[in-house]
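For reference, the chains in residue letters:
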Amino acid sequence: MRIPLSVTLVATLAATPAATLAAALLAASIAPGAAVPALPDHLRRTLASAGLAPSPAGGGHDQERDHAHAPDRPEAPHADHAHGGDGAHDPGTIRMRRDQVTGQGIVTRTVAGGTLARHLLVPGTITPDTDRIARVPSRVVGTVAEMRKRLGDAVQKDEIVAVLDSREVADAKSEYLTAQVQAELQTINFERQQKLLASRSASEAAFENARAAYLENRLRVDLARQKLSALGLDAAEVAAAQKRDEATPTQSSLRRYPLRAPLAGRIVERRVDVGTAVGKEGDPADLYTVADLSTVWIELSVPTLDLAQVREGARVTVTPGRAGEADRRAEGRVIFVSPFLNPDTRSARVVVALPNPDFAWRPGTFVTAEVDIAQDAVPVRIPKAAVQTIAGRSVVFVRTADSFEKRAVDLGRSDDEAYEVTAGLEPGAEIAVGNTFLLKAELGKADAGHDH
């Protein structure tokens, strides 16, 4: 039976002094310096104590020495992946310092609750607010004597914008002034007859005639005043103008008829010029159009299927329909939802009131309206950019002291910008919300490296 080499060496070393180790090796047919088969650890320690420890096959001693003096590997410029104390890789953690986070543009945010707002996108057209647009009519037959406002001028309510020359107005004023004078005379006569009757100096019949004439003229004054009022004239102003005319005989205001702005706004349309005849059939009916564009309307046409979700008072975000102006936004409110459908389009008219303090929203402009159709308060709301999909699961990256931890989450409702988180994340946690795809890519590289 052949005895193994290791057993022979052990027996020899146990009985042989250190001075005869070389002979023992020769007796075992092993040349010093030759490649030695792998020996047990206790035998290698014994040989090493005698200064005769053989080198491992393949120059292992030189490899260990070279490895001990090898320079450190350079640190990766992005992220270091965490390992456990036993050398096991944690596949859900990416070590990353604060400066690395900043350098790669990764944005973090603290998780909190919020509101999910769902919208309905509808195209629309800006129109003037019909409650804030008015025309300046002629009201009487005449000729335009003055045009005091130009197109685009601002006007105040009741400000005079034009003056007409009108015989009809002159007749109405004359009738009132005449009735007023006659009423004053009849008042004097009636009071005198009343005194004579009391002193028995006048007959009863003379008193009754004076009283009847007095009442008749008072009635004429009232009718003439109402006629002036129908023309938009004030009787007191007519009387005051007559007194001014008496002081300046070369001027007369009887034929002059001022036209006033019915509301404050801007002149958006001018229909006549000085000298134009107005008031008759076939003549222009209006001189100006005044509009207050500080508030405008948006006309929407909402399909039947979406109409049930639109409510009066709902908030509406408006953006221009033209490219390049999407950064300009404004907010309005739904003020009217028509109960009738358009038989041709099977849609309903919806009107949105939009504040327009700088007059930037012009009637006729096409816009896109985002109508709020739901407002849901949720305890955990995160931006959509924070969510990545890994192995079929929705995950976020939670920031710890020196790393990002991959965490699976359950998502609920959503709107155009955010998700509701129903499980896996609590308010107060700090998560990555920008450039999260870099973290996903880094995690993928780490997993690929450890597969090899």
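Scope of this entry: the structure provided in the associated data block. Each chain carries its own residue numbering, running from 1 in the direction its sequence is written. Local features in a predicted model are, by the rule used here, given only for residues with pLDDT of at least 70; side-chain atom pairs are given and counted only at 80 or more, and totals for whole chains, interfaces and linings are based on all residues. With hydrogens and water stripped out, all remaining heavy atoms of the structure feed into the side-chain values.

1. Examining helix α7 (residues 204-230)
It helps to recall that an α-helix has 3.6 residues per turn; residues three or four apart then point in one direction. Heads up, the rule is: By the criteria applied, helices consist of DSSP H or I runs no shorter than four residues and strands consist of E runs no shorter than two, each listed in order from the N terminus. Expected helix span is taken as 1.5 Å per residue step, with the number of steps being one fewer than the number of residues. Burial classes follow relative accessibility: with a 1.4 Å probe on protein chains only, a residue under 20% of its type's maximum area counts as buried, one over 50% as exposed, and anything between as partly exposed.
In a regular helix each residue adds 1.5 Å, so 27 residues correspond to 39 Å; α7 covers 40 Å between its end C-alpha atoms and thus fits that length. Listed in full, the buried residues belonging to α7 are F207, A210, N217, V221, A224 and L228. Of the residues trailing α7, G232 is marked for its positive phi of about 85°.

2. Things to note about the side chain of Q193
Convention followed: Any two residues whose heavy atoms approach within 4.5 Å are treated as being in contact.
Note on placement: Q193 falls in helix α6 (residues 167-198). Judged by relative accessible area, Q193 falls into the buried class, the value being 10%. With residues up to four places along the chain from it excluded, the contact list for Q193 reads A202, A206, F207 and A210.

3. A word on the sheet that holds strand β7 (residues 154-155)
As a reminder of what qualifies: The pairing criterion for strands is at least two bridges between them, as found by DSSP.
Strand order across the open sheet formed by 4 strands is β5-β12-β10-β7, with antiparallel pairing between neighbours. Edge positions in the sheet fall to β5 (133-137) and β7, since each of these pairs with one other strand and no more. Bridge count for β5 against strand β12 (residues 286-291) is 5 bridges, and the pairing is antiparallel. Paired with V136 across the strands is Y288, a residue of β12.

4. Here we look at unusual backbone geometry
The phi torsion at D158 lies on the positive side, around 70°, for a residue other than glycine. Relative to the elements of secondary structure, D158 occurs in the loop between β7 and β8 (160-165). With a relative accessible area of 45%, D158 lands in the partly exposed category. The backbone of N435 shows a phi angle near 60°, a positive value even though the residue is not glycine. Within the secondary structure, N435 sits in the loop between β23 (430-434) and α10 (436-451). The class of N435 is partly exposed, set by a relative accessible area of 30%.

5. As for a nonpolar patch on the surface
Convention followed: Candidate patch residues must exceed 30% relative accessible area and have no salt bridge, after which like charges are joined if within 9 Å and Val, Leu, Ile, Met, Phe, Trp or Tyr side chains if within 5 Å. Computed by Shrake-Rupley with a 1.4 Å probe, the accessible areas treat only the displayed protein chains as cover when residues are assessed. We define a salt bridge as a contact between a side-chain nitrogen of Lys or Arg and a carboxyl oxygen of Asp or Glu at a distance within 4 Å.
Nonpolar side chains collect at one region of the surface, where V181, L185 and I188 lie side by side and expose about 300 Å² of accessible area between them. Looking at where L185 falls in the secondary structure, it is placed in helix α6.

6. Re the sheet that holds strand β6 (residues 142-147)
Read across the open sheet, the 4 strands follow the order β9-β8-β6-β11; overall the sheet is antiparallel. The open sheet has two free edges, formed respectively by β9 (256-260) and β11 (277-278), since each of these has just one partner strand. Relative to β8, β6 is paired through 4 bridges, and the arrangement is antiparallel. Its bridge partner lying in β8, V144 is registered against L164.

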